[in-house]
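Architecture at a glance
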Amino acid sequence: MIGRIFDLFSRRIDGPLMAALAILIALGLTVIYSSQGGASFDRVILQSRSLLVALAALWVAANVPPQTLLRLAVPIYCVGLALLIGVALFGDVRNGARRWLNLGFTSIQPSEVMKIAVPLVLAWYFHRHEEGLRLRDFFVATVLLALPVGLIARQPDLGTALLIFASGFFVIFLAGLSWKVLVGLGASGLASLPFLWSMMHDYQRQRVLTLIDPSQDPLGAGYHIIQSTIAIGSGGVLGKGWLNGTQAQLEFVPERSTDFILAVYGEEFGLAGTVVLITLYLLVIGRGLMIAANASTVFARLLAGAITLTFFTYAFVNMGMVSGILPVVGVPLPLISYGGTALLSMLIGFGILMSIATHKQLVSS
Amino acid sequence: MMLGQALRDQQRELVVFRNRLLLAGFGILAAFGILATRFAWLQVVQKDHYHTLAEANRISVVPVVPNRGIITDRNGEILAANFSAYTLEITPGRVANVERAIDELAEVIEVTPRDRRRFRKLQEESKNFESLPIRTRLSEEEVARFAVNRFRFPGFEIKARLFRSYPQGEVASHAIGYIGRINEPDVKRIEAQGLATNYKGTDHIGKLGLEGAYEKELHGLTGSEQVEIDAGGRAIRALSRNEPISGNNLQVTLDLQLQKVAEEAFQDYRGALVAIDPKTGDVLALVSKPGFDPNLFVDGIDPVNWDALNNSPDKPLNNRALRGQYPPGSTIKPFLALAALEYKKRTPEFAISDPGFFTLPGVAHRYRDHKVGGHGSVNLHKAVVVSCDTYFYGLSNDLGIDNIHRFMTQFGFGARTGIDIEGELTGIQPSTEWKWQRFKQKWYSGDTISVGIGQGYWLTTPMQLAAATATLANDGVVVHPRLLKAVQDSKTQEVKALHQPMGERLPFKPEHLALIKNAMIDVTKPGGTAARAGAGAPYTIAAKTGTAQVIGMKQGEKYDEKKVKEVHRDHAIFIAYAPAEDPKIALALLVENGGHGGSTAAPIAREVFDFHLLGKRPAKRQKLGDDEPGEVPPPPQ
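It should be emphasised that the depicted structure is a prediction, and the values quoted were computed from it without experimental measurement.

Side note on the packing of aromatic side chains
Summed over all chains, the structure comprises 38 aromatic pairs over all chains. With 5.7 Å between their ring centres and 25 degrees between their planes, F146 of chain B and F153 of chain B make a pair best called stacked. According to the relative accessible area criterion, F146 of chain B is buried, its value standing at 1%. An angle of 35 degrees between the planes, with centres 5.9 Å apart, marks the rings of F358 of chain B and Y393 of chain B as tilted. Taken together, the residues F358 of chain B in strand β14 (residues 357–359) and Y393 of chain B in helix α16 (residues 389–399) connect sequence positions 35 residues apart. This pair shows no difference in class: F358 of chain B is buried, exactly as Y393 of chain B is. An aromatic cluster is present here, built from F335, Y343, F407, F411, F413, W458 and F508 of chain B joined pairwise through their rings. Its guanidinium or amino end placed over the ring of F173 of chain A, R20 of chain B lies 5.0 Å from that ring's centre, counting from NZ or CZ. Residue placement shows K121 of chain B over the ring face of W306 of chain B; its charged tip is 5.7 Å from the ring centre.

Listed below in structure tokens is the structure:
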């Protein structure tokens, strides 16, 4: 009996991936507790509650066969796009940006839906045209990608727009867009930088400038980076020990339980900790890439590859920003940062990955 | 065929996909490699650097400002004290719109127009990140009301601070001085003296008077506290503390009660009075009227009060006792008479017949006496008693300006007395050399004649005149006036009295001194110019009246007090000491535009003497100068 229940819950769960995820999530809760000065369980409890919901979502996603996702791709994308247009027209302004849509009973951030909808719809599109991809198909894919990215960038939420763009781009890249086109796109991308610069908001430009020289504005935009690098650097090789990070606990590091949680982690666990963290991420990513490589359909392999590469992007961008080699964009450290929404969309992604990993016999047959 | 093509396509696609996945894998490894290198750089290579930064970030050394020493008078009455109160301070750099924030604050606690004016003035003078008081001395209720609303006011902070208070208000304000916020010149001076460290955290400094002169004694030594702070700069806990050492307490020579009597005796007149104990040089009273309330300066003076003080025609900020330079008038006649005796230009017996004027041989100009028709036969004694100008015209002409200069310099005229507060002016003790230096002109005999009655180029400060009077009262032992009597060490509570050495004894013949002093005693007797000052006194007063011209009179023009604008009226001057036989107090006083010395100045001196010698407070006062005969000529002898 117990064996059958366990089998019901574990049948679609990928063991190695789940193990790595579990370690990362446990590490996250440990550091969230520490980021509150070791004095409050509030955020640990809230995060645990989100975790239960997210794990349930993972299980559901893992049990949804890829064919069902294939059918749902377009509707999800269309709903997401409609919501984004709704935000642009009727959205609530919070912190100077129009990102939230009030549905009466709850507020949602449609850009979160797009994090999954964009790779889904692109994988669906390339799957439909698998019998011979032409340049025209890549053009259509680019339009499908550009619509939500443009709307999100206008909110403005440059960080999320870039990440969603990346997730879509990974699908296009993995689908085999020719190198000529890729190089051409890269070149025109570089050429359009001055134009993009002129489109940016002042604070966004400031962030980029601050990256180049954080000391330029030590009490303003550079403050985050200066404080987080001090915290990480002062941790040394072995760290100051759990709950002993003075910088982070004395509130020098802002947003220390969300986007800048790596500063707390790096200070308390040192280089040893950061290397362990990178290794864990590599395990997750490596397992994801393996699943993608072994997936049996175009849709499944493109989706699995995109989900994995997007996860990598999150981890890299966050660690890069907190350690001062990338501009500050609002990206959480995947599976570690406090925040339920990010955890939810992340685990749904891994659920899809697991579904792809465990459903391939059914698909191919 | 079709199927095979499709399969081949799919196969090719899978190869492309796997190749690209592999490429992505290498990209990911490279990216994480960069990250790992970055972490290693931060956490291994730069570890010490960041560790130092982290400590600096976390531990802040906060200065602990010492308590300022208090100032008491010679009897222990408090002239300057401290009290602790709450202030509400704003750091303008942390507030987006200061004016609007203050408007909002005004809804919570009272903010007067004066508070705003003062804050604006402070803001102009201060750096943006300095914390500046908007309200001082908050009540407990106001503190509570602000605390409830504090989330609305970032950049605002309640601080408990020590305030200076001057419980005597305007009394003795020129001697005590005041403290004010440290400004740019103060900072430069502090840095030049190498005291910058000791002034960390201190935002007030003594500006004038005793507060300024004894700043170093009063300030004490700044302590420090190592505190662990959070990013908001809030102290979490103190790690170690190096206690500050309070400033020393000062006991000054002033007698507060005497000071009050003297100041009140001036009524509404402007003027100055310096009373000295001739045996010690202790300044018993130092009056400059009008005064100002030093309390106005403590939290930073607001522009309206500042303009009122600074632009008042009465110049309340001007310390007339030290900085007022006036012609001494007839008050220098006793000194000149002594000079004539010492230089053997006159004998006590020598007498002139005073026609009411003096002429230099071969010059038509008549130097008039204040008494039309003259004083008749006048010897040296009578010349002092009746203040005979004619006698002194001739006397000074015979002495010559350089003898006068040499003699008077011994009494301290033309030089600072060295009183231990700053700002004293020297006055002018003219000489041929001085005139040449100053005007590139030679000295004329006529110049000497004017000097002979304390006019012309001669200018003196009330402080100088008081010190000279005290020296005369002290039989020629030079008196150096001073205000600091004793210092109480804040640590040991030990009181260290300061004994200022008396000056040299000037080599006057005792019989000459006796003659001059007798004449000065007779000045306060019936027939003398200050007869009323001495009337009914149970002790003897030696004195001399004087009048200092404010505007010159043309030849033949008659000075009529009623016709002259108040500000052009003569200054009344008076020097005196008592008891004449054993002087305990010597003073000089000046009433600006007070007319003749006998009518307005002498009664003030009498009240001061009565209080100091008899402990008698003045009865209800008559208006100064009313029904007074002025310099009444004595009946012909």
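Here's the deal with the interface of chain A and chain B
With 52 residues of chain A in contact, the opposing surface of chain B contributes 38 residues. The tally of links between chain A and chain B comes to zero salt bridges. Linking chain A with chain B are eight residue pairs in polar contact (both at pLDDT 80 or more). Looking at the side of chain A that touches chain B element by element, the count peaks at 13 residues for helix α13 (residues 261–294) of chain A. Residue composition of the side of chain A that touches chain B, by class: 29 nonpolar, 18 polar and five charged.

Side note on unusual backbone geometry
A cis amide bond links K289 of chain B to the next residue, P290 of chain B, at an omega of -5 degrees. The residue P290 of chain B is located in the loop between β12 (283–289) and α11 (295–298) in this model. Omega for the peptide link from A578 of chain B to P579 of chain B comes to -15 degrees, which places this bond in the cis form. Looking at the secondary structure, you find P579 of chain B in the loop between β20 (571–578) and β21 (585–591). The phi angle at L335 of chain A is positive, at roughly 70 degrees, despite the residue not being glycine. Tracing the backbone through its elements, the reader meets L335 of chain A in the loop between α14 (298–322) and α15 (340–364). According to the relative accessible area criterion, L335 of chain A is buried, its value standing at 6%. One non-glycine residue, D475 of chain B, lies in the positive phi region at around 60 degrees.

Some thoughts on helix α5 (residues 140–149) of chain B
Residue and element names in this part refer to chain B. All of the buried residues along α5 are E142, V143, F146 and N149. Looking straight down α5, one finds its buried side chains confined to an arc of 130 degrees; they lie on one side. With respect to the buried face of α5, the exposed residues turned more than 90 degrees away are E140, E141 and V148. Lining the buried residues of α5 we find β3 (78–90), α3 (98–108), β4 (132–138) and β5 (156–165).

With respect to the side chain of H174 of chain B
Residues and elements named next belong to chain B. Note that H174 resides in helix α6 (residues 173–176). Within the structure, H174 has its side chain in polar contact with the backbone oxygen of P316 (distance 2.9 Å). What H174 contacts, discounting residues up to four positions off in sequence, is G209, S288, P290, G291, F292, P316, L317, N318, N319 and I421.

Describing the nonpolar core
In this structure, L273, F411, F574 and L589 of chain B are the most contacted members of the largest nonpolar core, which totals 132 residues. Looking at this core, the element that brings in the most residues is helix α20 (residues 462–473) of chain B, giving eight residues. Split by domain, the residues of this core number at least three in each of domain 1 (61–252) and domain 2 (257–614) of chain B. Every residue in contact with L589 of chain B, bar those within four places of it in the chain, is listed here: F266, A272, L273, A572, I573, F574, A601, I604 and A605 of chain B. Ranked by size, the runner-up nonpolar core spans 118 residues in total, among them L120 and Y338 of chain A together with L21 and F39 of chain B.

As for helix α17 (residues 401–410) of chain B
In an α-helix, one turn spans 3.6 residues; hence positions three or four apart end up facing the same way. Residues and elements named next belong to chain B. Considered for burial, the residues of α17 that qualify are I401, N403, I404, F407 and M408. Buried residues of α17 fall within an arc of 155 degrees about the axis and therefore sit on the same side. Considering only its buried residues, α17 is in contact with α14 (333–342), α16, α18 (432–439) and α19 (445–452). G412 lies just past α17 and shows a positive phi near 100 degrees.

Here we look at empty space enclosed by the protein
Empty space among the atoms can be located by rolling a probe the size of a water molecule over them. Residue and element names in this part refer to chain A. Enumeration over the complete set of coordinates arrives at five cavities of 30 Å³ or more. The space that makes up the largest cavity amounts to roughly 210 Å³. Along the walls of the largest cavity sit 16 residues, with K115, I116, I307, T310 and S345 positioned nearest its centre. Those elements that provide at least two residues to the lining of the largest cavity are α5 (110–128), α7 (158–175), α14 and α15. Counted as a void, the second largest cavity has a volume near 60 Å³. Lining the second largest cavity, in full, are P332, L333, P334, L335, I336, S337, Y338, G339, A342, L343 and M346.

Some remarks on the pairing of β12 of chain B
All names here are of chain B. Counting buried positions over the seven residues of β12 gives seven, a clear majority of the element. As paired strands, strand β11 (residues 271–276) and β12 are joined by six bridges and run antiparallel to one another. Bridge pairing links G271 to K289 in β12.

Concerning the packing of α7 of chain A against α14 of chain A
Residues and elements named next belong to chain A. Running from N to C, α7 and α14 point in directions that differ by 140 degrees, and their axes come no closer than 9 Å. Classified by the interaxial angle, the pair formed by α7 and α14 is oblique. Viewed along their axes, α7 and α14 form a crossing whose handedness is right-handed. Contacts between α7 and α14 involve L163, A166, S167, F170, V171, L174 and A175 from the former and L302, G305, A306, L309, T310, T313 and Y314 from the latter. Across the contact of α7 with α14, the residue classes tally to 10 nonpolar, four polar and no charged.

Notes on the UniProt feature "transmembrane region" (unreviewed entry) in chain B
Residues given the UniProt feature "transmembrane region" (unreviewed entry) here are residues 21–41 of chain B. Secondary structure content for residues 21–41 of chain B is 100% helix and 0% strand, while the C-alpha to C-alpha distance between its ends is 30 Å.

A few points about the UniProt feature "transmembrane region" (unreviewed entry) in chain A
Residue and element names in this part refer to chain A. Mapped onto this structure's residue numbering, the UniProt feature "transmembrane region" (unreviewed entry) falls at residues 44–62, 69–91, 138–154, 160–177, 269–290, 302–329 and 335–357. Along residues 44–62 one finds 100% helix and 0% strand; the C-alpha atoms at either end are 26 Å apart. Along residues 335–357 the backbone is 78% helical and 0% strand, and the end-to-end C-alpha distance reaches 21 Å.

A few points about the confidence of the model for chain B
All names here are of chain B. Per-residue confidence for chain B averages 87 on the pLDDT scale, and 92% of its residues sit at or above 70. Throughout residues 627–637 the model reports pLDDT below 50, and contacts reaching past four residues in sequence, or to other chains, amount to 20 contacts. Both confidence scores are given for the complex: pTM 0.63, ipTM 0.91.

A short note on the UniProt feature "binding site: Zn(2+)" (unreviewed entry) in chain B
Residue and element names in this part refer to chain B. When the UniProt feature table is mapped onto this chain, "binding site: Zn(2+)" (unreviewed entry) is found at D354, D369, H375 and C388. On the basis of their most widely separated C-alpha atoms, the annotated residues across 35 residues gather in one place, lying no more than 8.8 Å apart. You can see D369 is positioned in the loop between β15 (366–368) and β16 (376–379). With residues up to four places along the chain from it excluded, the contact list for D369 reads D354, G356, F357, H375, C388, D389 and T390. Within polar-contact distance, the side chain of D369 engages the side chain of H375 at 3.1 Å. The topology assignment puts C388 in the loop between α15 (380–385) and α16. Among all residues touching C388, those that are not within four sequence positions of it are K333, D354, D369, H375, V378 and A383.

Comments concerning the pattern of salt bridges
All names here are of chain B. Scanning all chains against the criterion turns up 34 salt bridges over all chains. The shortest N-O distance in the salt bridge between R152 and E107 comes to 3.6 Å. Taken as a pair, R152 in the loop between α5 and β5 and E107 in helix α3 lie far apart in primary sequence, 45 residues in all. The salt bridge partner of D610 is K616, with a shortest N-O separation of 3.6 Å. Look at K616 and you get partly exposed, because its relative accessible area is 44%. One network of salt bridges, with partners in common, ties together R68, R164, E211 and E215.

Scoring rules and cut-offs
Residues numbered from 1 in each chain as written. Chains lettered and ligands numbered in written order. Predicted model: local features only at pLDDT ≥ 70, side-chain atom pairs only at ≥ 80, totals over all residues. Heavy atoms only, no water. Phe/Tyr/Trp six-rings, centres within 6.5 Å; stacked < 30°, edge-to-face > 60°. Buried < 20%, exposed > 50% of the residue type's maximum accessible area, 1.4 Å probe, protein only. Helix = DSSP H or I, 4+ residues; strand = E, 2+ residues; numbered from the N terminus. Lys NZ or Arg CZ within 6 Å of the ring centre and 35° of its normal. Contact = heavy atoms within 4.5 Å. Salt bridge = Lys/Arg side-chain N within 4 Å of Asp/Glu carboxyl O. Polar contact = N/O pair within 3.5 Å; in protein donor to acceptor, adjacent residues only side chain to side chain. Nonpolar A, V, L, I, M, F, W, Y, C, P; charged D, E, K, R; others polar. Arc of directions from axis to C-beta. Core = buried A, V, L, I, M, F, W, Y, C linked by side-chain atoms within 4.5 Å. Domains from an automatic or database assignment. 1 Å grid on protein atoms, 1.4 Å probe; cavity = no way out; pocket = protein on both sides within 12 Å on 5 of 7 lines; lining within 4 Å. Points joined across faces, edges and corners; volume = space filled by probe spheres on them. Pairing = 2+ DSSP bridges. Axes fitted to C-alpha atoms, helices over the stretch in contact; angles between N-to-C directions. Parallel < 35°, antiparallel > 145°, perpendicular 65-115°, else oblique. Left-handed = near helix turned anticlockwise from the far one by under 90°. UniProt positions renumbered as here; feature names shortened; annotations may be inferred. pLDDT = per-residue confidence, 0-100.

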